[in-house]
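# Coordinates in review
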Amino acid sequence: MSLADRPFPVLALLLLAATPLASQISAQTAAQATPAASQQPASAPAPQTPRVPTQEQILLGAYGPYRANNDLLYYHLDIRVDPEKKFVSGKNTIRFRMLKDDTRIQIDLHPDLNVDRILYGSTPLKYERQFRSLFINFPQTLEKGKVYSIDFYYSGTPLHTGRFGGFTFGNDPAGRPWIYTACEGEGASIWWPDKDQWRDEVENMDISVAIPNNLVDVSNGEFVGKTDLGDGYTRWDWHVHYPINNYDVSLNIGNYVHFSDRLGDLPLDFYVLPEDLDKAKAQFVQAKGMLEAYQHYFGEYPFKKDGYKLVEVPYSGMEHQSALTYGNHFANGYLERDWTGVGISPKFDFIIIHESGHEWFGNAITAADRSDMWIHEGWTTYLEALYVEYRWGKDDAIKYLNGYKPKVKNERPIIAEHGVNADPPSDQYFKGVLFINTLRSVINNDPEWFKLLHELFQHFKYKNIMTEDMVAFFNQKTGKDLTPIFNQYLRHTDIPTLELKFDEAAGTVAYRWKADEPGFAMPVRVGKKGDWQIINATTDWQTMKTPLRKDDFDVATDLYYVNVSKQ
């Protein structure tokens, strides 16, 4: 689904001008350059000095003119996978609506893969290839408002790369073929041709995967059926009823066995290796309780027509929409570790709880640019804490998420550079969840907080958003200007420090925030636990009476992620 146009970064524009293709596209790109400061979102302060991206990162990350001129409507990925030759071949049918008159669009495919032909009807199309990007030329002008379709044929051996393998031709412990994809960081175009960005999603999709008869494919969406092709291969067909981001599109091919369950009218399907069936049946019962918890807070499971699936893989797990992959050893914790180190993680299976949370944040609500991926990871980490709160109460939830504090690095801002396929830091998870807990404490009204969470999800469901959109939502719903708080935690490296100066003879304490964000102000609970006093601290010194001495004066640092300095 298209998002309203966002500025094309000036840095990306300048570096793109250095590429060989720039002379053909710079004029159109310039028209989308960053607008005047008066038009900038209120929540976007002066940017950090960015690291210089490569030309490839710019072409992959920027929403340039030949992406911005069209709106994706539909994909049909129809491929054959040969495990013996480690080879993929087939086509992607791409349907799109033009948003302006033009003769060119940008589609992406990794250079390790061959472009066999691109057809517009029966007409072969010419293209120019640079890194992953293909600039496809049409023989006549495509008109604004009209819908067009191309068939992109390709073949080759996809890249095996990245933390989870990208595209892996592997074998299971018994030596049988086990083939899977996991390409969030690497980009979907490492294994299939698509508009490889986060901002624009198809409205729905079909996935067809032909594989040897003795294997099973599990992909996203609702299982439509399988067809024996008569040549030793069977085609497995899946239909995705909802918008889906590119990196969520997946195939999982193996000697799977299937079992199922239901949560009301929601089908639950599980695919595992036969040797692991009994362990899976015991462990996967946690899916029901998880779904009940998340539906309690946010509303019904967002991909009901496609169902909920867990699919066994040899890596830890990934949030592939409606076909979540699982490799957590059929044990509680995270790879059998106490993930937050406070004794609560061993109560549940981290991968089931975390990856399933992405169905709400990451899949149903998607960041429009990789730079804002905290919308996926910070919020889904918060869903872990909500699951704990639903099952074991608020005290355990606060204890659980404060266990993330040692993982925070505070080396660079959570939000990375826009438009250059930038990789946000791991703080998007850990600092992100601690910020959200802080936001809850700022609002300081749990019934109102949970109402906001439900409304937040329902408002942005099936949309691609940026942090600015989320800030605007909270500001509008609370009637408060929370922009400086969002900015301090997300756009600066350091967290705020509450500076306290005690005059014990006078029985007073002076206080202020030390922060990077101009106009930063945030209420905070101080004094004694069980008898907190809320002070509305700003960056200016204020003074209050207190009967407490310095060593006895506390700050609720389990509820607010802040530093405290006492003098």
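Residues numbered from 1 in each chain as written. Predicted model: local features only at pLDDT ≥ 70, side-chain atom pairs only at ≥ 80, totals over all residues. Heavy atoms only, no water.

## Looking at the environment of asparagine 536
Formally: By the criteria applied, helices consist of DSSP H or I runs no shorter than four residues and strands consist of E runs no shorter than two, each listed in order from the N terminus. Whether two residues are in contact is decided by their heavy atoms, any of which lying within 4.5 Å being enough.
Tracing the sequence through the fold places asparagine 536 in strand β26 (residues 531–537). For asparagine 536, the contacting residues outside a window of four places in its chain are Met522, Pro523 and Gln542.

## Looking at the side chain of asparagine 475
Here is the rule: Summary of the burial criterion: residues with accessible area below 20% of their type's maximum are buried, those above 50% are exposed, and those between are partly exposed, where the area comes from a 1.4 Å probe applied to protein chains only. Any pair of N or O atoms that falls within 3.5 Å is considered a polar contact. Within protein, one atom must be able to donate a hydrogen and the other to accept it, and sequence-neighbouring residues count only if both atoms are side-chain atoms.
Within the secondary structure, asparagine 475 is located in helix α12 (residues 467–478). Using a relative accessible area of 17% as the deciding quantity, one classes asparagine 475 as buried. A distance of 2.7 Å separates the side chain of asparagine 475 from the backbone nitrogen of leucine 482, its partner in a polar contact. Not counting chain neighbours up to four residues away, the residues in contact with asparagine 475 comprise Lys480, Asp481, Leu482 and Thr483.

## Things to note about the pairing of strand β6 (residues 126–130)
Sheet faces and side chains relate simply in a regular strand, where the side chains alternate between the two faces. So the rule is basically this: Strand pairing is defined by DSSP finding a minimum of two bridges between the two strands.
Pairing of β6 with strand β7 (residues 133–142), which is carried by 5 bridges, proceeds in the antiparallel orientation. Residue pairing in the sheet places arginine 129 in a bridge with leucine 134 of β7.

## Description of the sheet that holds strand β29 (residues 563–566)
Selection criterion: All axes here are fitted lines through C-alpha atoms, helices being fitted over the stretch that makes contact, and every angle between N-to-C directions spans 0 to 180 degrees.
Overall, mixed pairing links the 4 strands, which are arranged β27-β24-β23-β29 in an open sheet. This sheet does not close on itself; its edge strands, each paired only once, are β27 (542–545) and β29. Neighbouring strand axes in the sheet, compared pairwise and without regard to direction, differ in orientation by 25 degrees on average. Two strands pair when backbone bridges link them, and strand β23 (residues 497–503) and β29 are joined in this way by 4 bridges, in the parallel orientation. Bridging from a neighbouring strand, glutamate 499 pairs with serine 565 of β29.

## Description of the pairing of strand β1 (residues 70–82)
Summarising burial for β1: 11 of the 13 residues are buried, a large majority. Two strands pair when backbone bridges link them, and β1 and strand β2 (residues 87–98) are joined in this way by 12 bridges, in the antiparallel orientation. Paired with tyrosine 74 across the strands is arginine 95, a residue of β2. As consecutive antiparallel partners, β1 and β2 are separated by 4 residues, and within that stretch lysine 86 has a phi angle of approximately 55 degrees, a positive value. Pairing analysis gives 7 bridges linking β1 to strand β11 (residues 204–212), with the strands arranged parallel. Counted as the bridge partner of leucine 77 is isoleucine 207 from β11.

## Side note on the packing of aromatic side chains
To be explicit about the condition: Aromatic pairs are defined between Phe, Tyr and Trp rings, using the six-membered ring for Trp, whenever the two ring centres lie within 6.5 Å; interplanar angles under 30 degrees are classed as stacked, those over 60 as edge-to-face, and all others as tilted. Definition used: whenever NZ (Lys) or CZ (Arg) falls within 6 Å of the ring centre and also within 35 degrees of the ring normal, the charge is taken to sit over that ring.
Applying the stated rule across the entire model yields 58 aromatic pairs. Here the aromatic rings of tryptophan 513 and phenylalanine 520 are separated by 5.7 Å at their centres, their planes lie at 80 degrees, and the arrangement is edge-to-face. Given the relative accessible area of 1%, tryptophan 513 is considered buried. The cationic tip of lysine 407 hangs over the ring face of tryptophan 339; the distance from NZ or CZ to the ring centre is 3.7 Å.

## Digging into the sheet that holds strand β16 (residues 257–263)
Judged by pairing direction, the sheet is mixed, and its 5 strands sit side by side in the order β16-β17-β18-β20-β19 without closing on themselves. In this open sheet, the two strands that pair with only one neighbour each are β16 and β19 (317–318). Looking at chain direction, β16 and strand β17 (residues 266–272) are connected through 7 bridges and run antiparallel. Bridging across to β17, histidine 258 finds its partner in tyrosine 271. Seen against the sheet, helix α6 (residues 286–298) touches β16, β17 and β18 (308–312) and runs at an angle of roughly 40 degrees to β16.

## Overview of α12
Since one α-helical turn is 3.6 residues long, residues separated by three or four positions face the same way. For clarity, the cut-off: Under the convention used throughout, the expected extent of a helix is 1.5 Å for every residue step, that is, one less than its residue count.
An ideal rise of 1.5 Å per residue puts 16 Å on 12 residues; α12 measures up with 17 Å between its terminal C-alpha atoms. Of all the positions in α12, only Thr467, Glu468, Met470, Val471, Phe473, Phe474 and Asn475 are classed as buried. Buried residues along α12 sit in contact with α8 (374–392), α10 (427–443), α11 (446–460), β22 (463–465) and α13 (483–490).

## Focus on the nonpolar core
Threshold: For this analysis, a nonpolar core means a set of buried residues of the types Ala, Val, Leu, Ile, Met, Phe, Trp, Tyr and Cys, connected via side-chain atoms within 4.5 Å.
Of all hydrophobic cores here, the largest spans 159 residues; its most connected members are Tyr308, Trp374, Trp379 and Phe474. Those residues in contact with tryptophan 374 that lie beyond four places of it in its chain are Trp379, Ile414, Ile415, Gln428, Phe435, Ile436, Thr467, Met470, Phe486 and Leu490. Core analysis: the second largest hydrophobic core is formed by 5 residues, Ile58, Ala62, Ala416 and Val420 among them.

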